[in-house]
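The lines below spell out each chain.
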Amino acid sequence: MSDQDGVRDAIDVILEQWRRERPDLDLSPMGVFGRLAEAARVVEASVDEVFTRHGLCPGEFDVLAALRRSGPPYTGIPSELPAVLMMSRAGMTNRLDRLEAAELVERSLDPAGRSSFRVTLTPEGRRVIDAALADHAAKLARPASGVGPGDTETLGRILRSMLATGGLAGD
């Protein structure tokens, strides 16, 4: 069996083999998740290359992006950032240390609560994240160019639904 547009891939071959051996099973989800996994591998390698070019690791990009999208004055509280980025406080501290050493963020005492700190994107940090984000968006646009905007929205909605059901968690 092949895709509607006549394009076949290795997953089509695998599914054909399984359909021959196990016609009693619906293995179409295997094709979906196999392609998602392959797409994730390809995108991850491509994205890592973009971040490296800008002197960042993915986690550092995430911190800078969280600060940048917070809007002016591009400031956050370190204790709140781990929840936004789904990571540990220790991991956040390490990232902030590296970003501060690179002069992409600066830490200062929070005037509202003298026992806590604020992290602010520096002008250089804003320049780096804006350039990295532009390259990141362009890099992701390439593989997405094979489908129309409506298809991209549909795929996003489908994946959101799959994730929301919790059906992807282990049993």
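What you are looking at is a predicted structure, and each value in this text was computed from that prediction instead of being measured. (Residues numbered from 1 in each chain as written. Predicted model: local features only at pLDDT ≥ 70, side-chain atom pairs only at ≥ 80, totals over all residues. Heavy atoms only, no water.)

Before going further, it helps to examine the overall build of the protein. Counting its secondary structure elements, the protein contains seven helices and three strands. Helices and strands appear in the protein in the N-to-C order α-α-α-β-α-α-β-β-α-α. Computed over the C-alpha atoms, the radius of gyration of the protein is 21 Å, more than 25% above the 16 Å expected from 2.2 N^0.38 for a compact globule of 171 residues. Its C-alpha atoms put the protein at 65 × 35 × 25 Å along the principal axes. Within the protein, buried positions represent 24% of all 171 residues. Restricting to contacts in the protein with at least 6 residues of sequence separation, those with at least 24 account for 47%. Surface accessibility of the protein: about 11300 Å² in total, with carbon and sulfur atoms responsible for 58%. (Helix = DSSP H or I, 4+ residues; strand = E, 2+ residues; numbered from the N terminus. Rg over C-alpha atoms; globule rule 2.2 N^0.38 Å. Buried < 20%, exposed > 50% of the residue type's maximum accessible area, 1.4 Å probe, protein only. Contact = heavy atoms within 4.5 Å. Areas by Shrake-Rupley, 256 points an atom, 1.4 Å probe, with all protein chains shown as cover.)

Moving on to the layout of surface pockets. Of the pockets and cavities examined, the second largest pocket occupies roughly 200 Å³. Lining the second largest pocket are 11 residues; nearest its centre among them are Pro78, Ser79, Thr93, Leu96 and Phe117. At the level of secondary structure, the elements contributing two or more residues to the lining of the second largest pocket comprise α5 (89-101) and β3 (113-121). Looking at the lining of the second largest pocket element by element, the count peaks at four residues for α5. Broken down by class, the residue content of the lining of the second largest pocket amounts to five nonpolar, four polar and two charged. (1 Å grid on protein atoms, 1.4 Å probe; cavity = no way out; pocket = protein on both sides within 12 Å on 5 of 7 lines; lining within 4 Å. Points joined across faces, edges and corners; volume = space filled by probe spheres on them. Nonpolar A, V, L, I, M, F, W, Y, C, P; charged D, E, K, R; others polar.)

The geometry of helix α2 (residues 28-53) relative to helix α6 (residues 123-144) is characterised by a closest axis approach of 9 Å and an angle of 155° between their N-to-C directions. As far as their axial angle goes, α6 and α2 are roughly antiparallel. As α2 packs across α6, the resulting crossing turns out to be right-handed. Of the residues in α6, those touching α2 at Val43, Ser46, Val47, Glu49, Val50, Phe51 and Arg53 are Ala132, Asp135, His136, Lys139 and Leu140. Looking at the contact of α2 with α6, its residues break down into six nonpolar, two polar and four charged. (Axes fitted to C-alpha atoms, helices over the stretch in contact; angles between N-to-C directions. Parallel < 35°, antiparallel > 145°, perpendicular 65-115°, else oblique. Left-handed = near helix turned anticlockwise from the far one by under 90°.)

Here the focus is the packing of helix α3 (residues 58-69) against α6. Their axes nearest at 10 Å, the elements α3 and α6 cross at an angle of 105°. Taken together, the axes of α3 and α6 are roughly perpendicular relative to one another. Across the interface between the two elements, Phe61, Leu64, Ala65 and Arg68 of α3 pack against Arg126, Val128, Ile129, Asp130, Ala132, Leu133 and His136 of α6. Among the residues forming the contact of α3 with α6, the class breakdown is seven nonpolar, one polar and three charged.

Let's shift gears to the pattern of salt bridges. Under the criterion given, the structure shown has 15 salt bridges. A salt bridge links Arg53 to Glu49, with the shortest nitrogen-to-oxygen separation between them at 3.1 Å. In this pair, Arg53 and Glu49 are both assigned in helix α2, four residues apart and thus about one turn of the helix distant. One salt bridge in this structure joins Asp130 and Arg126, with 3.7 Å as the shortest N-O distance. You can see Asp130 and its partner Arg126 sitting in helix α6, four residues apart, about one turn around the helix. With relative accessibility at 30%, the residue Asp130 sits in the partly exposed group. Salt bridges here are not isolated pairs; linked through shared partners, they connect Glu49, Arg53, Asp135 and Lys139. (Salt bridge = Lys/Arg side-chain N within 4 Å of Asp/Glu carboxyl O.)

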